Amino acid sequence: MAQMTYLEAIRDGLLGEMRRDPGVFVIGEDVGVYGGAFGVTKGFLEEFGPWRVIDAPLAETANVGAGIGAAVMGMRPIVEMQFADFVTDAFTQVVNMAAKFHWRTGHPLPLVIRMPYGGDVKGGPFHSQCMEAWFVHTPGLRVVAPAFAEDAKGLLVAAIRDPNPVMYFEHKHLYRYQREEVPEGEHVTPIGRARIVREGATLSVISYGWMLHKCLQAADAVAADGIVAEVLDLRSLAPLDRDAILGSVRKTGKALIVHEATRTGGVGAEVAALVAEEAFESLDGPVVRLASEDAPVPHSPVLEAAFQPSMDEIAGAIHRLAAY
Amino acid sequence: MAQMTYLEAIRDGLLGEMRRDPGVFVIGEDVGVYGGAFGVTKGFLEEFGPWRVIDAPLAETANVGAGIGAAVMGMRPIVEMQFADFVTDAFTQVVNMAAKFHWRTGHPLPLVIRMPYGGDVKGGPFHSQCMEAWFVHTPGLRVVAPAFAEDAKGLLVAAIRDPNPVMYFEHKHLYRYQREEVPEGEHVTPIGRARIVREGATLSVISYGWMLHKCLQAADAVAADGIVAEVLDLRSLAPLDRDAILGSVRKTGKALIVHEATRTGGVGAEVAALVAEEAFESLDGPVVRLASEDAPVPHSPVLEAAFQPSMDEIAGAIHRLAAY
Amino acid sequence: MAVPETQEGGLVGAIQAASAKGETLAPSDLLEILYHMRLQRAVEDRGVKLYYQGRIPGAYFTGWGHEAIAVGATYALGPQDLLAPMHRDLAAYIMRGIPVRRIFAQFLDREGGLTRGRDGNIHMGSPSLGVLPFISHMAASVPVAAGMALACRQRDEARVVLTFFGDGATSTGAWHEGVNFAAVLRLPLVLVLENNQYAYSTPVSRQTVAQSFVDKAPGYGIPGVAVDGNDVLAVFAAAREAVTRARRGDGPTLIECRTMRVRGHSEADKTFYVPQELLQEWAARDPIALFERRLREEGDLSSEVDRAMLERIAREVEEGLAWAEASPEPAPESVSEGVYAEEREESGRGEAGEDPSWPR
Amino acid sequence: MAVPETQEGGLVGAIQAASAKGETLAPSDLLEILYHMRLQRAVEDRGVKLYYQGRIPGAYFTGWGHEAIAVGATYALGPQDLLAPMHRDLAAYIMRGIPVRRIFAQFLDREGGLTRGRDGNIHMGSPSLGVLPFISHMAASVPVAAGMALACRQRDEARVVLTFFGDGATSTGAWHEGVNFAAVLRLPLVLVLENNQYAYSTPVSRQTVAQSFVDKAPGYGIPGVAVDGNDVLAVFAAAREAVTRARRGDGPTLIECRTMRVRGHSEADKTFYVPQELLQEWAARDPIALFERRLREEGDLSSEVDRAMLERIAREVEEGLAWAEASPEPAPESVSEGVYAEEREESGRGEAGEDPSWPR
Ligand SMILES: Cc1ncc(C[n+]2csc(CCOP(=O)(O)OP(=O)(O)O)c2C)c(N)n1
Ligand SMILES: Cc1ncc(C[n+]2csc(CCOP(=O)(O)OP(=O)(O)O)c2C)c(N)n1
Ligand SMILES: [Mg+2]
Ligand SMILES: [Mg+2]
């Protein structure tokens, strides 16, 4: 075990896989000489050379498309979006070319797209978006979104080894904010498994990414009032860990779902729908969602604080649901 | 009133608006000389000339972008996607340029994107997709999806007059399948209002588009068993008509949501989540969703029949929920 | 990178220069080329009949009149090379190892089709045979083909990727990004434009106002050459030069093959928008007839060989179709199988000779 | 369409040809041009200070060294013309009527900013002033600018749209589609490339291997011209010619302005990847200093005028900043206002002289 930031853990996972498997390579804008806009691949060019650390033109369709082509040939490409927001420039490649590839051909497509996403980085509407729901609604893609450094490493390794296209959502705010003990060397977090981060019986708080940490703080804050919140970190969004979600809600009888993506049509809707259909008989209260406002992500920190669910709002929602 | 197919009703609405307002124009591939891949704009070039009926290059980003630019200048562009599936080539323009425009600038962006969508046309994975959920999860866009010829006309007129970007989902299977009396001349269906197509008290069946008709058939089929299903046509998906949805479910106590889009993360999830949160106290049974399999849309009619919810499956789901 | 001499001479000069080089082909090569052109025509002809009999679900597309491009370009590839075709290149699929029977099964949406009935007649391929299945979104294959070429470069394999696209496709962002990516990284990619003067009903004048598509090449720093797309040897010669250049490490070449779409965009299209004279002019230049005449004139096609070839093709078509007809409809419940690959599935390296992917 | 004579002479010839035409400007024009270049520098300079004081949220970008492009090109526009700028063109915004005070308020994320604190320092504009606010996605403005030009053409307004973009942006599909669309429809669009040799850390050699960006023009059937991007009169002359051509109905022109990004990509970037000599070479060619020297040499800038201009600029900067600092933070609850326009809202026609859109 070693203390690592979330960003260092990503880097550690990437480095290990690059060393293990000569088919693994990274491609993206400014990933080589510069080492990536956030420094994730710093030093990689020197170690692996320009054909495994490819400084690409400013062309997301080309870069994702090239990743797909290389994957068809048995390579294990990792395409870095400089910011997740720019994946819209490669949308056809992701949702039509990559996602449907195995189903159409029976041929695996081992591709990872690294998606630095999320807000609280003073990034504004085009450098802060959380668009994971688009991909969760696209059969053929796997979608993961770690909240902890340990899983940032473990899920990246799993994604690289997975024979399917994986959208790997790494939260920019967590890059340096989140720091913990991370297993050194080989470490895999299986895709599709949620984790109970905090056990409890009063209600289930279901979240992922940066908001998961706010949920943990809120759970601590309400503990003084005798509320024992269970906090579930989804980690994988496609596939969702149905058993973990339903298991927790069947136990507690109440579900609060929190995410940073905008509310309408977010992943929280799917989780809520799942609970309302499959755990209905266990429900002792409404299935509550807390998410960002249905608006673009604002640049001003003042506005962003109002936009995003706050720890206080989460604690408030826990209180209300617990009292229901 | 006149008998019209769904396609004729679209054409009628478009023609009326083109005649009424010289700022309205259509742009897209093969919309001029050919009259559109489905013939919606046949004869338009002759009547309105090449600057209001623009045969565009094979370039969706250019065509949507040009529509946005013209809208910025106070025109009322209608951009036709030849098939809705191709909108992924214009994704940045839709979700980043258009959707966020008013919020960033305070300036309206009156744009309509016509999206011929949906299956049962032997189109396969790239000519049959239902991707409305992506846009419902994109604040700043309006999304409509008429099931009837009357609303196909009325919602198109409303979309053209709306000062916001509107994703207008027109179902290809309904083009010729659906035919009814449609008001002639001026006719507007307000965006954001659902319609109770069939009143009932046993349960609420909530749907839209082509599946709405299957739901009506299923409702008729189960009527013999004393089940009086209420069938709600959402018509607008963004904004959803919360009052209509909640009103119906509060009355019946049960909700079945049916759509053609794939299940996970579809619009049905949002409707279910809404119901599970806001109508929880009225619920007498689980909130049930019926949707297409989480897979690409298959080409083979045999496979597509298995892929899509069938009338029998809907009737079965109604039976089970009614009996709950 | 300099633009090759063929461009300066304009279209005619280019055609002559390219055709001249075709002469090194052996007589057996010429017959094989004719065979593949005829086979494409025969399979598609049978497809048209099936379509009018209502036996092909959905739209049906042919490459009628484009056979010289499909065959001429593909014939320039070596056994380990790779292909990213489009919807007018049926022969290319066959030449790269996809059996006729599986193509018919694909037409009929049967389990034996390359996509097990999942995708339509033109959306097929076999990654394990090195044939990228294309998707509807025009030019989406171009960046993917660049990526296949990238993998060859990364592994120091002397393999080349050849991709086809239409005149309409050149207007897309995907085309631009893919071509430029390959140019910048000097990847072994051959870019074959099938300029058939229309994209559905849209004439080339709405796709570009450049004097010629070849004028696009210098903007990417790559050579460009225009050839008569109805002259199979001209196409072959240009492709062979481009393949050689690519294999040598000198990067992509743009080859514009000029032809005409003499049938509808799909079989449902009556092409009222195409001037009759244009259709007639090009119908008189049918690439198969042109090549047959040339072979006969030069004594390379005896009437026995001719007859035997036609019989072989007829037999292959009928056997292929019979196999396809015997192939079952896909099982309804199979629709949601294989949305994801399973843990243990390994990618191949796109080596020719492996089996097509479905069924595994 | 023929490529104009300026291209043949290569870069130097082009610069000379273009500069020569600049001479028809009146002395007052020259001073106005200098004023705008200096004003951009002064505003951005103040911005850099604010940034290092931690008062500008997020990243901060300047157009340091690009002032000749922003001012020279924009100065060629008429009062009713339209602009789609990018992130190195601050002067262009000001020249089209956006007040300095609102720009500072934008820097500070205040309610008085052009986006009411909603978007960052460079993502601003005013549709009602005919200035398209750009989005982060590089080149996404290009097809939109083409659409603005389309509207002018549709309404038979003799207006021209001018758009800026970087060398990196030319690699995007959006750029290709937008340029080609405008070319095919012969729209009144002027395409100004700010080739500053880098896209973030990526050198131009990774964006294209064409000999020059101007080589892309014939592929779109439009004229292309290269100019020294640090010579404001050369830029102006090329832009004026392109504006005239566009207004005449002869369609788009590509103008490549060659310069160098002498600061970091953003102020957080230390540009370790740029060779020091390159930075020094171009720092010695600062466009403002070059133009000042020229004006002084030709007697067009007396020391009084000079002093008065600098004082005016200093005053405008301080007044603008003071206004911005007095502008309140946006109200937290305002964040979800205006996601949709309301029924009654009418689009303007992009006429200069209208108020910026927010606040209404
Ligand atoms: C991105 C995209 N937009 C629209 C279409 C619809 N479409 C299918 S084929 C076609 C014309 C293609 O023309 P071209 O590239 O010239 O190829 P051709 O069919 O002429 O061989 C169009 C517009 C598509 N397939 N993809
Ligand atoms: C589509 C897209 N991909 C990536 C980025 C991230 N990014 C922001 S600016 C930039 C470089 C832009 O270079 P260029 O177009 O040359 O303009 P310059 O900044 O040099 O003036 C990059 C890669 C982006 N904004 N848009
Ligand atoms: Mg064509
Ligand atoms: Mg640059």
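The coordinates are above.
To start, this report covers the structure provided alongside it.

Definitions and cut-offs
Residues numbered from 1 in each chain as written. Chains lettered and ligands numbered in written order. Predicted model: local features only at pLDDT ≥ 70, side-chain atom pairs only at ≥ 80, totals over all residues. Heavy atoms only, no water. Helix = DSSP H or I, 4+ residues; strand = E, 2+ residues; numbered from the N terminus. Buried < 20%, exposed > 50% of the residue type's maximum accessible area, 1.4 Å probe, protein only. Contact = heavy atoms within 4.5 Å. Areas by Shrake-Rupley, 256 points an atom, 1.4 Å probe, with all protein chains shown as cover. Pairing = 2+ DSSP bridges. Axes fitted to C-alpha atoms, helices over the stretch in contact; angles between N-to-C directions. Donors = N, O, S within 2.8 Å, 3.2 Å for Na, K, Ca; no water. Core = buried A, V, L, I, M, F, W, Y, C linked by side-chain atoms within 4.5 Å. Near = heavy atom within 4 Å. Polar contact = N/O pair within 3.5 Å; in protein donor to acceptor, adjacent residues only side chain to side chain. Nonpolar A, V, L, I, M, F, W, Y, C, P; charged D, E, K, R; others polar. Buried area = accessible area lost by both parts, 1.4 Å probe. Salt bridge = Lys/Arg side-chain N within 4 Å of Asp/Glu carboxyl O. Disulfide = S-S within 2.5 Å. Parallel < 35°, antiparallel > 145°, perpendicular 65-115°, else oblique. Left-handed = near helix turned anticlockwise from the far one by under 90°. Phe/Tyr/Trp six-rings, centres within 6.5 Å; stacked < 30°, edge-to-face > 60°. Lys NZ or Arg CZ within 6 Å of the ring centre and 35° of its normal.

Let us now look at the overall build of chain C. A count of helices and strands for chain C gives 13 helices and seven strands. Taking all 360 residues of chain C together, 67% fall into the buried category. When contacts within chain C are restricted to residue pairs at least 6 apart in sequence, long-range pairs at least 24 apart make up 77% of them. Total accessible area on chain C stands at roughly 11,800 Å², and carbon and sulfur atoms take up 52% of it.

Moving on: the sheet that holds strand β13 (residues 255-262) of chain A. All names here are of chain A. The five strands lie next to each other as β9-β11-β10-β13-β14, forming an open sheet whose pairing is mixed. Of all strands in the sheet, those with a lone pairing partner are β9 (195-198) and β14 (288-292), marking the two edges. The mean angle between the axes of side-by-side strands here comes to 25 degrees, regardless of whether they run parallel or antiparallel. Contacting β10 (203-207), β11 (229-233) and β13, helix α10 (residues 242-252) crosses the sheet at an angle of about 155 degrees to β10.

Moving on to the coordination of the magnesium ion (ligand 3). Residues and elements named next belong to chain C. Each protein donor to the magnesium ion (ligand 3) is listed here as Asp167 (OD), Asn196 (OD1) and Tyr198 (O); together their distances run 2.0 to 2.2 Å. Here the donor residues of the magnesium ion (ligand 3) share one chain and are spaced in sequence as D-x28-N-x1-Y. Under the relative-accessibility criterion, Tyr198 is labelled buried at 10%.

Here the focus is unusual backbone geometry. Cis peptide bonds are those with omega within 30 degrees of zero, and the linkage from Ala238 of chain A to Pro239 of chain A qualifies with 0 degrees. The backbone of Ala139 of chain D shows a phi angle near 70 degrees, a positive value even though the residue is not glycine. When you line up the elements, Ala139 of chain D lands in the loop between α6 (100-107) and α7 (141-154).

Among the nonpolar cores identified, the biggest contains 211 residues, and Phe135 of chain A together with Phe135 of chain B are the most heavily contacted of them. In this view, Phe135 of chain A contacts Val87, Phe91, Val94, Val95, Met115, Leu141, Val143, Met167 and Phe169 of chain A; residues no more than four positions away in its chain are not counted.

It is worth spelling out the site of ligand 2 at this point. Contacts to ligand 2 come from 21 residues, most closely from Glu60 of chain A together with His87, Arg88, Ser136 and Tyr198 of chain D. Near ligand 2, residues from chains A and D are present, making the site a shared one. At a separation of 2.6 Å, a nitrogen atom of ligand 2 approaches a polar side-chain atom of Glu60 of chain A. A distance of 3.0 Å separates an oxygen atom of ligand 2 from a polar side-chain atom of Asn196 of chain D. Burial of ligand 2 by the protein chains amounts to 97% of its free accessible area of 580 Å². Within the shell around ligand 2, the residues separate by chemical class into eight nonpolar, eight polar and five charged.

Another aspect to go through is the sheet that holds strand β6 (residues 142-144) of chain A. All names here are of chain A. Strands sit in the order β3-β2-β4-β5-β7-β6-β12 across an open sheet of seven strands; the sheet is mixed. A single partner strand is all that each edge strand has here, and the edge strands are β3 (53-55) and β12 (236-238). Each strand of the sheet is rotated relative to its neighbour by a mean of 20 degrees, with strand direction disregarded. The pairing of strand β4 (residues 76-80) with strand β5 (residues 112-117) spans three bridges and is parallel. Each residue of the ladder has a partner; that of Ile78, found in β5, is Val112. Strands in contact with helix α3 (residues 60-72) are β2 (24-28), β4 and β5; relative to β4, the strand with the most contacts, it is inclined by about 170 degrees.

The next point concerns the interface of chain C and chain A. Taken together, the contact pairs 48 residues of chain C with 41 residues of chain A. When the buried area of chain C at its contact with chain A is split by residue, Gln154, Glu177 and Tyr340 of chain C rank highest and sum to 16% of it. Counting the contacts that link chain C with chain A gives one salt bridge. The partner of Asp119 of chain C in a salt bridge is Arg104 of chain A, with the nearest N and O atoms 2.8 Å apart. Seen at the junction of chain C and chain A, the total is 16 residue pairs in polar contact (both at pLDDT 80 or more). Those elements that provide at least two residues to the side of chain C that touches chain A are α7 (141-154) and α8 (173-184) of chain C. Counting residues per element, the side of chain C that touches chain A draws most heavily on α7 of chain C, at 10 residues.

Residue and element names in this part refer to chain D. Coordination of the magnesium ion (ligand 4) by the protein comes from Asp167 (OD), Asn196 (OD1) and Tyr198 (O), over a distance range of 2.0 to 2.2 Å. Sequence spacing among the residues donating to the magnesium ion (ligand 4) works out to D-x28-N-x1-Y. Of this pair, Asp167 sits in the loop between β2 (161-166) and α8 (173-184) while Tyr198 sits in strand β4 (residues 198-199); the two residues are 31 residues apart in sequence, bridging distant segments of the chain. In terms of burial, Asp167 and Tyr198 fall into one category: buried.

Applying the stated criterion across every chain yields a total of zero disulfides over all chains. Here Cys130 of chain B stays free of any disulfide, with the sulfur of Cys215 of chain B as its closest cysteine sulfur at 13 Å.

Our focus in this paragraph is the pattern of salt bridges. Taken as a whole and assessed by the stated rule, the structure comprises 77 salt bridges over all chains. Between Arg263 of chain D and Glu267 of chain D there is a salt bridge, with the nearest N and O atoms lying 2.8 Å from each other. On the accessibility criterion, Arg263 of chain D (23% relative accessible area) is partly exposed. Its relative accessible area of 5% is what places Glu267 of chain D among the buried residues. Connected through salt bridges with shared partners, the residues Glu17, Arg20, Arg161 and Glu186 of chain A form a single ionic network.

With that out of the way, let us pick up the site of ligand 1. Lining the immediate environment of ligand 1, one finds 21 residues, of which Glu60 of chain B together with His87, Arg88, Ser136 and Tyr198 of chain C sit closest. Between Arg88 of chain C and ligand 1, the recorded distance is 2.7 Å, taken from a side-chain N or O atom to an oxygen atom. In the environment of ligand 1, an oxygen atom lies 3.0 Å from a nitrogen or oxygen atom belonging to the side chain of Asn196 of chain C. Among the residues making up the shell around ligand 1, the classes are represented as eight nonpolar, eight polar and five charged.

Quick look at the packing of helix α3 (residues 60-72) of chain B against α7 of chain D now. α7 of chain D packs onto α3 of chain B with a crossing angle of 55 degrees between their chain directions and a minimal axis gap of 6 Å. With respect to each other, α3 of chain B and α7 of chain D are oriented oblique. Of the two elements, α3 of chain B crosses α7 of chain D, and the hand of that crossing is right-handed. Of α7 of chain D, the residues touching α3 of chain B (which contributes Thr61, Ala62, Gly65, Ala66, Ile68, Gly69 and Ala70 of chain B) are Pro143, Val144, Gly147, Met148, Leu150, Ala151 and Gln154 of chain D. Here the residues of the contact of α3 of chain B with α7 of chain D sort into nine nonpolar, five polar and no charged.

Under the defined criterion, the tally for this structure stands at 51 aromatic pairs over all chains. Between the aromatic rings of Phe135 of chain A and Phe169 of chain A, the centroid separation amounts to 6.2 Å while the plane-to-plane angle is 45 degrees, which identifies the pairing as tilted. Taken as a pair, Phe135 of chain A in helix α6 (residues 132-136) and Phe169 of chain A in strand β7 (residues 166-171) lie far apart in primary sequence, 34 residues in all. Comparing Phe135 of chain A with Phe169 of chain A shows no difference in burial state: the two are buried. An aromatic cluster of at least three residues, connected via ring pairs, comprises Phe91, Tyr117, Trp134, Phe135 and Phe169 of chain A together with Phe91, Tyr117, Trp134, Phe135 and Phe169 of chain B. Here Arg263 of chain D stacks its cationic end above the ring of Trp64 of chain D, 4.6 Å away from the centre of that ring. Geometry around Tyr35 of chain D places Arg312 of chain D over its ring, the cationic atom sitting 3.9 Å from the centre.

Quick look at the interface of chain D and chain A now. Every contact between the two is made by 34 residues of chain D and, on the other side, 32 residues of chain A. Carbon and sulfur atoms supply 65% of the area that chain D and chain A bury against each other, a total of about 2,700 Å² over both sides. At the junction of chain D with chain A, the criterion picks out zero salt bridges. Counting the contacts that link chain D with chain A gives 12 residue pairs in polar contact (both at pLDDT 80 or more). Taken together, the residues of the side of chain D that touches chain A break down into 13 nonpolar, 14 polar and seven charged.

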